[in-house]
Amino acid sequence: MSLHKSGDLIKRINLITTFGRKGMNQIDNLFFKIATTKISLKLFSISFITLFISLGCENEKNESIESNQTDLLFVASEGNFGQGNGSISVFDNDQKIQEILDIGDVVQSILVHENHLFVIVNGSNEIKRYSISESGLTLPGITVSTQNSSPREMIIFNEKLYFTNWNSKDIKILNLTTYAITEQISIDGLPEDIISDGTFLYASVPHIELYDQGNGSNVIKIDPNLNEIVEIYEVGKGPQQLVIHNNSLWVSRTYYSENWYQTYFGMTQINLLTNDIISKEYGEGIVCGGNVMVYKDQLYRTSLGGIAPIDQNDLSINIASRIGEYTSKDSYYNPNLYSSDAIENQILLGVTNDYQSPDTVYIQNKENDNFTLFEVGAAPGDYAIWKLPN
């Protein structure tokens, strides 16, 4: 989801083969004309910006997944830009039971709905749907073209799949019966993350135009009954990933200086009961990641190679209580945190050594330093769990 990818400026320059995501995940044709859009945290709609994002600050397992053996963990690995080698790894407890290779160009995000896995492949401009069973995913699945829209993130609401798009600057709606795109909601900017509180949809808009430095500053509220924007929140520059917790919408923010050499981070809280907004700027370098999540009823954000709790009163980050430390400042060949999430009371930390397959996902928790290590494809960026129906 989000500036959700890693690397400092040197890494951004050296690792130009990776197209990052859940923070933005793209190195567009513009970059290739110059040398040749998940500002993943998911990076951009195949854009020059990802050169600076997906390879910048660490973006953004200890026991086994706390679930029955028939619950499956899906790990989406973006792959390398232009190579079509995005992949999905499927795990049953500690065992990899399936790996689907060469899904397309940059696997941006995944979502489990009932007995289906939905996959956005950003660079290929596709949405794929696979059926899920205890043995994994059934191939070949269904593929829907998004017509060069640069799809990013998605949510299912009222049996419709809403997904954000950068090239077309809209939120499109996919009918899950006919698998036709039936409607779109135009956005003044490039929408990224999208979530719901059960009544309304909310989407972050980190960019006004492709290739800008995170100049967007809005989160929009959508009434899905009307499919119209009903409110716009001004939250500060570069809104990325969203999470709802304790009647508030929490917004991670990442943006850049005019020359791209400085990266700035912030956090915003929107009280959904009062519409009061509180923002905090962290300045340069302290956060280094766009992932924000709830773990054991505490809000966390990616920070300095792990995740650190956020004080829900003043939005400060408690670096001393950070969980995980997967980063190295001296060499991009050493492990670096690329993505993070919290699911089923487990922390998932996607780590890459060189942005090439294989990479690693650690499952880790707060109580001790034990972890489970999973081998996955290049640049693990998103995660989902399927629970066996009762």
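Here's a quick rundown of the structure. (Residues numbered from 1 in each chain as written. Predicted model: local features only at pLDDT ≥ 70, side-chain atom pairs only at ≥ 80, totals over all residues. Heavy atoms only, no water.)

**Some details on the nonpolar core**
As a rule of thumb, soluble globular proteins bury nonpolar side chains together.
Then comes step 1: In this structure, F74, I88, I110, L117, V119 and L137 are the most contacted members of the largest nonpolar core, which totals 17 residues.
Then comes step 2: Going through the elements one at a time, β1 (72-77), β2 (87-92), β4 (107-113), β5 (116-121), β6 (126-133) and β27 (380-386) are the ones with two or more residues in this core.
Then comes step 3: Excluding residues that lie within four positions of it along the chain, L137 makes contacts with F74, I88, V90, Q98, I100, L117, Y130, S131 and I132.
Then comes step 4: Core analysis: the second largest hydrophobic core is formed by 13 residues, I173, I187, L201 and V205 among them. (Core = buried A, V, L, I, M, F, W, Y, C linked by side-chain atoms within 4.5 Å. Buried < 20%, exposed > 50% of the residue type's maximum accessible area, 1.4 Å probe, protein only. Helix = DSSP H or I, 4+ residues; strand = E, 2+ residues; numbered from the N terminus. Contact = heavy atoms within 4.5 Å.)

**Side note on the pattern of salt bridges**
Then comes step 1: Per the stated rule, a full pass over the model turns up ten salt bridges.
Then comes step 2: Among the ionic pairs, K128 bridges to E126, the shortest N-O distance being 3.4 Å.
Then comes step 3: Of the charged contacts in the structure, one is a salt bridge between E281 and R253, with a shortest N-O distance of 2.6 Å. Residue E281 is located in strand β19 (residues 277-284), and its partner R253 is located in strand β17 (residues 248-256); the two are separated by 28 residues in the primary sequence.
Then comes step 4: For E281, a relative accessible area of 44% gives the class partly exposed.
Then comes step 5: Here the salt bridges share partners, and the residues they tie into one network are D71, E344 and K387. (Salt bridge = Lys/Arg side-chain N within 4 Å of Asp/Glu carboxyl O.)

**Description of unusual backbone geometry**
Then comes step 1: In this model, L139 is joined to P140 through a cis peptide bond whose omega is 10 degrees.
Then comes step 2: Along the chain, the position of P140 falls in strand β7 (residues 136-145).
Then comes step 3: Omega for the bond connecting S357 with P358 falls within 30 degrees of zero, at 0 degrees, which places this linkage in the cis form.
Then comes step 4: Even without glycine at this site, N275 takes up a positive phi of about 70 degrees.
Then comes step 5: Relative to the helices and strands, N275 resides in the loop between β18 (263-271) and β19.
Then comes step 6: For N275, a relative accessible area of 31% translates into the label partly exposed.

**As for the sheet that holds β2**
Then comes step 1: Taken in spatial order, the four strands of this open sheet run β3-β2-β1-β27, and their pairing is antiparallel. Unpaired on one side and paired on the other, β3 (95-100) and β27 mark the two borders of the sheet. Across the sheet, the axes of successive neighbouring strands diverge by a mean angle of 20 degrees, strand direction being ignored.
Then comes step 2: With six bridges connecting them, β1 and β2 associate as antiparallel partners. (Pairing = 2+ DSSP bridges. Axes fitted to C-alpha atoms, helices over the stretch in contact; angles between N-to-C directions.)

**Points about the sheet that holds strand β21 (residues 298-303)**
Then comes step 1: Read across the open sheet, the three strands follow the order β20-β21-β22; overall the sheet is antiparallel. Looking at which strands have only one partner, the edges of the open sheet turn out to be β20 (292-295) and β22 (306-309). Direction aside, neighbouring strands of the sheet carry axes that sit 40 degrees apart on average.
Then comes step 2: Where β20 meets β21, four bridges bridge the pair, whose relative direction is antiparallel. When the sheet's bridge partners are listed, Y295 is paired in β21 with Q298.

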